[in-house]
Amino acid sequence: MADLDKLLSEARDLLREPEATPLAQITEEARDLVEKSFRVGTIRKWKGVEFQKQADQTWAKVALGRAKAAIPKAPPPKAPKKAAPDASKAPKKAAEPPPTKAPKAAAAAPAAAPSAQKAPEKPQKAPAPAAPKAKAKTTHFDPDPAHDGNGDGVADAARVGVPGDVVPPPPGVPRLPNLNDTERAIESKFADTFEENADDMANEFLKHAEKENWVFETDAAKSLMPEWTRSDLPPDEKGKPIHPERAVARALFNTALHQTANAVAKKAFLKRLDQIEKLPEDQRKVLVTSGGVAGGKGSALRAKPELARSVAATWDAAGEQNATENPWVMKECLKRKIKPVFLFVSADPKVTWPGAVERAKGIGRMVDARVFADSYAHGAKNFKAFHDKHKDEATFVFAQVQKGEAAFANGMDPAALSVDADELYKHASEYIDSKKADLPDYIHQGATAGRRIWG
Amino acid sequence: MAKNLKVSDDDKKEIERLFKDGLDAALKNPKKFWDAQRERESKMKPYSKLSAKPLVLPKGTKRENVTEQMNNLLADLGKGK
């Protein structure tokens, strides 16, 4: 009580109104000042009850002994003002076309540009501008990860993220199919906000990348979401387990957030390329990593910061993108006369999948098994095709993990090219099911979300 | 438009050397780098406009709403209590 009275008194001094201000007004202003003076996470005792400041500026009662903070009930999220019809008009997965011979009729790059929205099986409807509340029909993003619409040898899109050659907006951020209510709410919150504030959000992420030696990675962009960082919870300490609420959120929301996170990272990366274009020629180099999920690309960069510092920027591609972004990076580098070094890490997915599960216990984030399998099967093939086409124009590095150590080769590891997506997915699914009893629920849910999302 | 954008052999070798060092270290002690990543992620600030919107939490998260009670208690400030 005494503390709050003192704060109120100080707040009144700060106001220094020349004329007498009604007590009720001072109270309101002082209350605001007092409220804002408390940082998120602060615990105050009031009349024998402890309250903790929440991220949304409200206070929530906490249990005695400072158990984990309770979060006030959030009002239901508003429906998006307009559902951008371009957002996810990818042609639905065709009836199992052969990987290299997709029929032209279905060959429009998924959600590539408004002009490419003409999926033959669905008429497009733009929302009437005069009726902003009219909800346009949206289709969800469900590309065939083997589909190569432009015939460059590299598939156009992975199941998650944005298509390789696209940097929204425009078009809008593609939305995943078959998300549950919570996933849809979180996907919409992130995507809608990005579509309305794309440049600003990209600039925010650019600042983060600068602190990380100009490394751009999609997963890091997920931290722009408060539901991911959960800064209302105590920060994670070195050597201690991740906060359980944070772990749950990351495992369950990883897939739903991936679309927008990928868009943010790409947009920010382009901004950095614009900066690099102005550097002296000998500094105009970027590193581009590719390889399956949990293959070690990101960890290698963190373990050796000199690597990122040796170039002007690093596009640390998410394994989930199946190396579909390399043509885009190449194109953007060519425009700006920047030299890209494309590096591929191949690893044994039957070793890295248990690693990904183990990693999830530490960091919370859990990749879906289907997306994992694709990253190995399609990633290697896409990278090889890309290398075959551009080997005389750019620098390529092929790294492999052999007997627990990195080794280099002149080309793609043949074993990497022989991975079958369906077989690996079956293996990964069986593995995660066999470990279900030993794992927190949220890890199993995160790893198997694809069963619902893609069937 | 320049089509040959290869880096020098020395640059390539340097990248390979640094990457090998990094990957070897990561393979020997992956947990160390997962922990570092987690620590980094937890320090990153969310985007302000996203923070201003209501939090979306996984179903089943227990939440207590005593905002009204707290606001009433804070309003007592004006009454000199």
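Computed from a predicted structure; not experimentally measured.

Rules behind the numbers
- Residues numbered from 1 in each chain as written.
- Chains lettered and ligands numbered in written order.
- Predicted model: local features only at pLDDT ≥ 70, side-chain atom pairs only at ≥ 80, totals over all residues.
- Heavy atoms only, no water.
- Helix = DSSP H or I, 4+ residues; strand = E, 2+ residues; numbered from the N terminus.
- Buried < 20%, exposed > 50% of the residue type's maximum accessible area, 1.4 Å probe, protein only.
- Contact = heavy atoms within 4.5 Å.
- Areas by Shrake-Rupley, 256 points an atom, 1.4 Å probe, with all protein chains shown as cover.
- Core = buried A, V, L, I, M, F, W, Y, C linked by side-chain atoms within 4.5 Å.
- pLDDT = per-residue confidence, 0-100.
- Salt bridge = Lys/Arg side-chain N within 4 Å of Asp/Glu carboxyl O.
- 1 Å grid on protein atoms, 1.4 Å probe; cavity = no way out; pocket = protein on both sides within 12 Å on 5 of 7 lines; lining within 4 Å.
- Points joined across faces, edges and corners; volume = space filled by probe spheres on them.
- Nonpolar A, V, L, I, M, F, W, Y, C, P; charged D, E, K, R; others polar.
- Phe/Tyr/Trp six-rings, centres within 6.5 Å; stacked < 30°, edge-to-face > 60°.
- Lys NZ or Arg CZ within 6 Å of the ring centre and 35° of its normal.

As a further point, take the overall build of chain A. The helix and strand tally for chain A stands at 15 helices and nine strands. By the burial criterion, 57% of the 455 residues in chain A qualify as buried. When contacts within chain A are restricted to residue pairs at least 6 apart in sequence, those whose partners lie at least 24 apart make up 69%. Accessible surface, chain A as shown: approximately 19700 Å² in total, 52% of it carbon and sulfur.

Attention now moves to the nonpolar core. Core analysis: the largest hydrophobic core is formed by 97 residues, its most contacted members being A:Phe205, A:Phe216, A:Leu224, A:Trp315, A:Phe342 and A:Trp353. Among the elements that take part in this core, helix α7 (residues 244–276) of chain A stands out by supplying 16 residues, more than any other. With residues near it in sequence (within four places) discarded, A:Phe216 still touches A:Phe205, A:Leu206, A:Ala209, A:Ala265, A:Ala268, A:Phe269, A:Arg272, A:Ala313, A:Thr314, A:Trp315 and A:Asp316. One finds A:Val215, A:Val341, A:Ala406 and B:Phe19 within the second-largest nonpolar core, a separate group that totals 18 residues.

Residue and element names in this part refer to chain B. Looking at chain B, the pLDDT average stands at 78 and 69% of residues meet or exceed 70. Low pLDDT, under 50, characterises residues 63–70; the predicted model gives this stretch 20 contacts beyond four residues in sequence or across chains. This prediction of the complex comes with two scores: 0.74 for pTM and 0.78 for ipTM.

Another aspect to go through is the pattern of salt bridges. Taken as a whole, this structure holds 33 salt bridges over all chains when the rule is applied. With its nearest N and O atoms 3.5 Å apart, the salt bridge here joins B:Asp21 to A:Lys304. Separated into two different chains, B:Asp21 in helix α1 (residues 9–28) and A:Lys304 in the loop between α8 (297–303) and α9 (305–309) make up a pair that spans both. Among the residues examined, B:Asp21 registers a relative accessible area of 30% and is labelled partly exposed. A residue is classified by how much of its surface remains accessible, and A:Lys304, at 18% relative accessible area, is buried. A:Glu405 is paired through a salt bridge with B:Lys20; the nearest N and O atoms lie 3.8 Å apart. Linking A:Glu405 in strand β9 (residues 405–409) with B:Lys20 in helix α1, this pair reaches from one chain into another. On the basis of relative accessible area, A:Glu405 is assigned to the partly exposed category, the value being 40%.

Enumeration over the complete set of coordinates arrives at eight cavities of 30 Å³ or more. In this structure, the second largest cavity encloses a volume near 80 Å³. A:Ala55, A:Asp56, B:Ser51, B:Lys53 and B:Leu55 are, among the ten residues lining the second largest cavity, the residues nearest its centre. Split into classes, the residues belonging to the lining of the second largest cavity amount to five nonpolar, two polar and three charged.

Residues and elements named next belong to chain A. Taken as a whole, this structure holds 14 aromatic pairs over all chains when the rule is applied. Ring geometry for Phe 342 versus Phe 396: centroids 5.4 Å apart, planes at 25°, classification stacked. With a gap of 54 residues between them, Phe 342 in strand β7 (residues 339–346) and Phe 396 in strand β8 (residues 395–402) connect regions that are remote in the sequence. Neither Phe 342 nor Phe 396 differs from the other in exposure class; each is buried. Ring centres of Phe 383 and Phe 396 lie 5.9 Å apart, and the angle between their planes is 80°; this geometry places the pair in the edge-to-face category. Of this pair, Phe 383 sits in helix α12 (residues 369–390) while Phe 396 sits in strand β8, and the two are 13 residues apart along the sequence. Of the two residues examined, Phe 383 and Phe 396, each falls in the buried class. A network of ring pairs unites the aromatic residues Phe 205, Trp 214, Phe 216, Phe 269, Trp 315 and Trp 328 as a single cluster. Lying over the aromatic face of Trp 328, Lys 266 brings its terminal NZ or CZ to 4.6 Å of the ring centre.

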